[in-house]
Amino acid sequence: MNADLEHLIVLQAQDLELRRLRQQLSEGPLQVKAAEAACAQAEAALKAAKDSLAREETLRRSQELEVKERQTKAARLRRQMETATSASQIAALEHEIVFLDQSIAKLEDEELASLERTEGFELALGGATLTLEAETTTLASIRVRAADLATRNTAAIASIEGERAATRALLAASPAGEASLSAYDRIAKAKGTGLSEAVDHKCSACQMMVRPQRWNDLTDRDPNSEHANTIFTCETCGRMLYYDPRRDAPVRWTPGERLSSASNP
Ligand SMILES: [Zn+2]
């Protein structure tokens, strides 16, 4: 295989790994932000439940007070009845007592309704407390994970950046390497990747067929053939094609792996 192409394969692996590491790095703060928002929401729900409980208790205290006042007033009116003399006076007192008793019954019903609402708010308070605890724990672990990821990825990026610079320097030093490198950069910028592996008579990036003659030239492993040093491109997507003979016994490409064999063909 063309030595420049081998370097380009390594370069692409480095570029893709850098992209993955940077993408992962940028996601960390977003995950922290989302967990912070979930925490804030749980805090707000807890506060709302506490406020509702407090409001309901204030309301019920005033209802209880009102019931007591009316009961006192009704008792006073009943005592007045004992000393009342005229029928109209008695009728008026009776009317007022009935009215008071009715309003007391109504207030007591309202107190019961308030107690039921309080039970609901207490349940909500319990739920909100648990949710907040869970969200707080999640936030803490996401923060740790994000910080850890930032440290690891920043170090990995720096290390791969160094390897990448070395790969580019090797390419720039080879006779046709500079042209291949600028072609790679141009295609990668436009399409995300500059190279595509040809697998099973297809370009693995765009899935279009590679013509049989081109497939034969591409997969020809004779170092003395006229195409031994040619870099073929996919006629459909324009990416540079490479064929990995180790497909026969699949082994993953790893950055730097082929550098030594490529520089000593
Ligand atoms: Zn293609």
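This report concerns the structure included in the present document. (Residues numbered from 1 in each chain as written. Predicted model: local features only at pLDDT ≥ 70, side-chain atom pairs only at ≥ 80, totals over all residues. Heavy atoms only, no water.)

## Some words on the coordination of the zinc ion
Alright, step 1. Binding of the zinc ion to the protein goes through C203 (SG), C206 (SG), C234 (SG) and C237 (SG), at separations of 2.3 Å.
Alright, step 2. Seen from the zinc ion, its four donor atoms lie at angles of 103 to 121 degrees, and the figure they make is tetrahedral.
Alright, step 3. For the zinc ion, the donor residues sit on a single chain with the sequence spacing C-x2-C-x27-C-x2-C. Placement of the pair is C206 in the loop between β2 (202-203) and α4 (212-219) and C237 in the loop between α4 and β3 (240-242), with a sequence separation of 31 residues.
Alright, step 4. Taking relative accessible area as the criterion, C237 reaches 10% and is therefore assigned buried. (Donors = N, O, S within 2.8 Å, 3.2 Å for Na, K, Ca; no water. Tetrahedral: all angles 85-135°; square planar, octahedral: opposite > 155°, others 65-115°. Helix = DSSP H or I, 4+ residues; strand = E, 2+ residues; numbered from the N terminus. Buried < 20%, exposed > 50% of the residue type's maximum accessible area, 1.4 Å probe, protein only.)

## Description of a negative patch on the surface
Alright, step 1. A cluster of acidic residues, E57, E116, E119 and E122, forms a negative patch at the surface.
Alright, step 2. With respect to the secondary-structure elements, E116 resides in helix α2 (residues 87-173). (Patch = residues over 30% accessible without salt bridge, like charges linked within 9 Å, V, L, I, M, F, W, Y side chains within 5 Å. Areas by Shrake-Rupley, 256 points an atom, 1.4 Å probe, with all protein chains shown as cover. Salt bridge = Lys/Arg side-chain N within 4 Å of Asp/Glu carboxyl O. Lys, Arg positive; Asp, Glu negative; His and termini not counted. Charge placed at Lys NZ, Arg CZ, Asp CG, Glu CD.)

## What to know about the packing of helix α1 (residues 3-83) against α2
Alright, step 1. Between α1 and α2, the least distance of the axes is 4 Å, while the angle of their chain directions is 165 degrees. Comparing the axis directions of α1 and α2 gives the class roughly antiparallel. (Axes fitted to C-alpha atoms, helices over the stretch in contact; angles between N-to-C directions. Parallel < 35°, antiparallel > 145°, perpendicular 65-115°, else oblique.)

## Thoughts on the packing of α2 against helix α3 (residues 177-191)
Each packed pair of helices is defined by two parameters, the angle between the axes and the distance between the axes.
Alright, step 1. At their nearest, the axes of α2 and α3 sit 6 Å apart, and the two run at 130 degrees to each other. Taken together, the axes of α2 and α3 lie oblique to each other. Of the residues in α3, those in contact with R168, L171 and A172 of α2 are G177, E178, L181 and D185.
Alright, step 2. A breakdown of the residues in the contact of α2 with α3 according to their chemical character gives three nonpolar, one polar and three charged. (Contact = heavy atoms within 4.5 Å. Nonpolar A, V, L, I, M, F, W, Y, C, P; charged D, E, K, R; others polar.)

## Quick word on the pattern of salt bridges
Alright, step 1. For the structure on display, the rule yields 13 salt bridges.
Alright, step 2. R20 is the salt-bridge partner of E17, the closest N and O atoms lying 2.9 Å from each other. In this pair, E17 and R20 are both assigned in helix α1, three residues apart and thus about one turn of the helix distant.
Alright, step 3. Take E17: its relative accessible area is 25%, and that puts it in the partly exposed class.
Alright, step 4. Across the pair E66 and R70 runs a salt bridge, and its minimum N-O distance is 2.8 Å. Separated by four residues within a single helix, E66 and R70 lie in helix α1, roughly one turn from each other.

## Quick notes on the sheet that holds β3
Strands pair in a sheet through their backbones, by hydrogen bonds, and they do so in one of two ways: parallel or antiparallel.
Alright, step 1. Ordered by their spatial adjacency, three strands build an open sheet running β2-β1-β3, and the pairing between neighbours is mixed. The open sheet has two edge strands with one neighbour each: β2 and β3.
Alright, step 2. Note that strand β1 (residues 195-199) and β3 share three bridges and pair parallel. Along β3, the bridge assignment pairs L195 with M240. (Pairing = 2+ DSSP bridges.)

## Structural notes on α1
Alright, step 1. With 81 residues, α1 extends 121 Å between its outermost C-alpha atoms, agreeing within 8% with the 120 Å of an ideal straight helix rising 1.5 Å per residue.
Alright, step 2. The distance from a side-chain oxygen at the start of α1 to the backbone nitrogen of D4 is 2.7 Å, and the residue carrying that oxygen is N2. (Expected span 1.5 Å × (residues − 1). Polar contact = N/O pair within 3.5 Å; in protein donor to acceptor, adjacent residues only side chain to side chain.)

## Some thoughts on α3
Alright, step 1. Spanning 15 residues, α3 covers 20 Å between terminal C-alpha atoms, matching the ideal 21 Å at 1.5 Å per step.
Alright, step 2. Of all the positions in α3, only G177, S180, L181, A183, Y184, I187 and A188 are classed as buried. Across the axial projection of α3, the buried residues extend over an arc of 165 degrees, all falling on one side. The exposed set on the far side of α3, more than 90 degrees from its buried face, consists of E178, A179, R186, K189 and A190.
Alright, step 3. Against the buried residues of α3 lie α1, α2, β1 and β3.
Alright, step 4. At the C-terminal side of α3, G192 shows a positive phi close to 95 degrees. (Arc of directions from axis to C-beta.)

By themselves, these observations are geometric and do not establish any function.
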